[in-house]
Amino acid sequence: MTFNTCLQLAVYLLLLLALVKPLGHYMAKVLDGRPCGLARLLGPCERLLYRLAGPDCARPMTWQAYAAAVLTFNFVGFLALYALLRLQDRLPLNPQHFPAVPADLAMNTAVSFITNTNWQSYGGESTLSYLSQMLGLGVQNFVSAATGIAVLAALVRGFRRETVGIGNFWVDLTRTTLYILLPLSLLLAIALAWQGVVQNFQPYQTAAWLQPPAAGTEPTGGQTLPMGPAASQVAIKQLGTNGGGFFNVNSAHPLENPTPLTDLLESLAILLIPAALCYTFGEMLADRRQGWAILAAMLLVFIPLLVACCWCEQQESAALAGLGLDARPSVAQSGGNMEGKELRCGIARSALWATATTAASNGSVNAMHDSFTPLGGLVPLWLIQLGEVIFGGVGSGLYGMLVFALITVFIAGLMVGRTPEYLGKKIEAFEMKMAALVILFPPAVVLIGSAVAVMTSGGRAGIFNSGPHGFSEVLYAFSSAGNNNGSAFGGLSANSPFYNFSLAAAMLVARYWLLVPTLAIAGSLAAKKTTPAGAGTLPTHTPLFVLLLAGVVILVGALTFIPALALGPVAEHMMALGQ
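An account of the accompanying structure is given in this report. Given the structure is predicted, the values throughout are model-derived calculations rather than measurements.

## Some points on the pattern of salt bridges
Evaluated as defined, the whole model comprises 14 salt bridges. For Arg157, the salt bridge goes to Asp172, with nearest N and O atoms at 2.8 Å. Of this pair, Arg157 sits in helix H6 (residues 130-159) while Asp172 sits in helix H7 (residues 169-195); the two residues are 15 residues apart in sequence, bridging distant segments of the chain. For the pair Arg157 and Asp172, a shared accessibility class is recorded, and that class is buried. Overlapping salt bridges, with partners in common, bring together Asp32, Arg34, Arg160, Glu283 and Arg288 in one network.

Below, the structure is given as structure tokens:
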């Protein structure tokens, strides 16, 4: 770990923490329906939407009605996006005249974007028209992120000491989109366009070669430069923890991420809203200590893994050292493992981005995770497998972490022989059954999906690398889909009927089989009276609780995935050492 690396990590974390309180306070006002400073500008639009929706759109909902509204809205979004992708060759804003997206790929893409996963089995600049990118993917980037925040708001209301319900989905969706996601995305998009991220509707351009390439190595006319409205989509893909790249190589592309400043802004945007929502959680409960405790537990897991990833990537590669590139391997690899990384980003920012994007359910990349060292690649893989609760997706990460908090107080209650309580609400059998569904479904999807892929011809056909690395690629793909992350190890041909359908199924289960039980917990807690804290109540804002919560998250992840990790990254590391 060099001084430069430590300085970059420290600056990033300090900037992130400095933004947590102001943004968290603002979002609490938005979700509580209080004036937030933008009502004069955006209030007429909000009221118009309510009038168009009808007089009953703002009434409080039961958890069942809230869940039905979420599922209905997402299903309609799926149909609309699927139809748009299948018909893009007949629609405008398609200057490259791309054909319609094949049915299995269109289905996979539609599922991916409505679930906030943004897994991509295609290259954006060679597959999708500008209209598909903006009206299809861009809209879902906003509303899928807003859905996650809305469900979180419903759960938080269930913990309140005085509550009349869990709120209204349509109001939460509207206010989140108008007052949180749109203003932040506009500011970030302007900054990115200023720094050189492309934002236009021009056809693709051809740049002439300064020096003619060798015959057959490149197109004779020059290099084709993709164009399009990228800056606006990059902004919401990062802020909404969507992560889907406008271009195939995502934020490793210089037209998505051209400068050190854009790299910093985009990487900050990945964790900005998930971190600030912790403060929002505390403020909505009128006990900010609870929010800081949750944030501390996330950082307690995140920071050591961030340091570990940076350290692993700055080590010499045993494979490269054996190629005889230099008589002194330490000189040839003085910078560490630069394979698959952009020179303008370097190792520190590449490892930081990889850790942040997999801690959040973002999935964007500025380096190829497939080229990380075995243990360096293990870090982002395991962060996904922890359940995407170390920051996680906007809203979804925090409500997943709160489910782990319920499990933590339940375990603590068993130790002292007392009915567990969290924030004044008793945690009983129903809540624990729902919590069990939330923590068991993603691992089941990941492990079963990976096993089926390596056992069937359809799954094995997409694996280009043999041995542990090939298994790691499959495990990463199902971990990513089964936890709504969307990033990929690479080296796996996933645009096939087998992977398009199996990964789509994993994404659906990971989103909705967690979302619905979470709303059921919210409804159950909202109906309960508040229990005064007693001598046996576990304080949930202390360092002890922070340690317990982080320990439960790590323990669940370790017990579930260590055998699979031993077959993949760990085995690959041992083979590289010659053991």
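Next comes the rest of the write-up.
## Re the side chain of Asn485
Its location among the elements puts Asn485 in the loop between helix H18 (467-482) and helix H19 (497-526). Taking relative accessible area as the criterion, Asn485 reaches 0% and is therefore assigned buried. Within the structure, Asn485 has its side chain in polar contact with the backbone oxygen of Ala360 (distance 3.1 Å). Engagement of the side chain of Asn485 in a polar contact is seen with the side chain of Glu388, the distance being 2.9 Å. Leave out the neighbours within four places in its chain, and Asn485 touches Thr117, Asn242, Thr357, Thr358, Ala360, Ser361, Asn362, Gly363, Ile384, Glu388 and Ser480.

## Observations regarding the packing of aromatic side chains
The geometry of an aromatic ring pair is captured by two quantities: the separation of the ring centres and the angle between the planes. Here the structure, examined in full by the defined rule, presents 16 aromatic pairs. Ring centres of Phe78 and Tyr82 lie 6.1 Å apart, and the angle between their planes is 20°; this geometry places the pair in the stacked category. Linking Phe78 with Tyr82, this pair stays in helix H3 (residues 63-86), spanning 4 residues, or about one helical turn. One aromatic cluster in this structure is built from Tyr66, Phe73, Phe169 and Trp170. In this arrangement the basic side chain of Lys341 is found over the ring face of Phe372, its NZ or CZ atom lying 4.3 Å from the centre.

## Quick word on unusual backbone geometry
The backbone phi angle of Phe391 is positive, close to 80°, even though this residue is not glycine. Here Phe391 lies in the loop between helix H14 (374-385) and helix H15 (396-416). For Phe391, a relative accessible area of 1% translates into the label buried. We note that Asn484 has phi near 55°; this positive angle belongs to a residue other than glycine. Structurally, Asn484 is set in the loop between H18 and H19. Judged by its relative accessible area of 8%, Asn484 falls in the buried class.

Reading guide: rules and limits
Residues numbered from 1 in each chain as written. Predicted model: local features only at pLDDT ≥ 70, side-chain atom pairs only at ≥ 80, totals over all residues. Heavy atoms only, no water. Salt bridge = Lys/Arg side-chain N within 4 Å of Asp/Glu carboxyl O. Helix = DSSP H or I, 4+ residues; strand = E, 2+ residues; numbered from the N terminus. Buried < 20%, exposed > 50% of the residue type's maximum accessible area, 1.4 Å probe, protein only. Polar contact = N/O pair within 3.5 Å; in protein donor to acceptor, adjacent residues only side chain to side chain. Contact = heavy atoms within 4.5 Å. Phe/Tyr/Trp six-rings, centres within 6.5 Å; stacked < 30°, edge-to-face > 60°. Lys NZ or Arg CZ within 6 Å of the ring centre and 35° of its normal.

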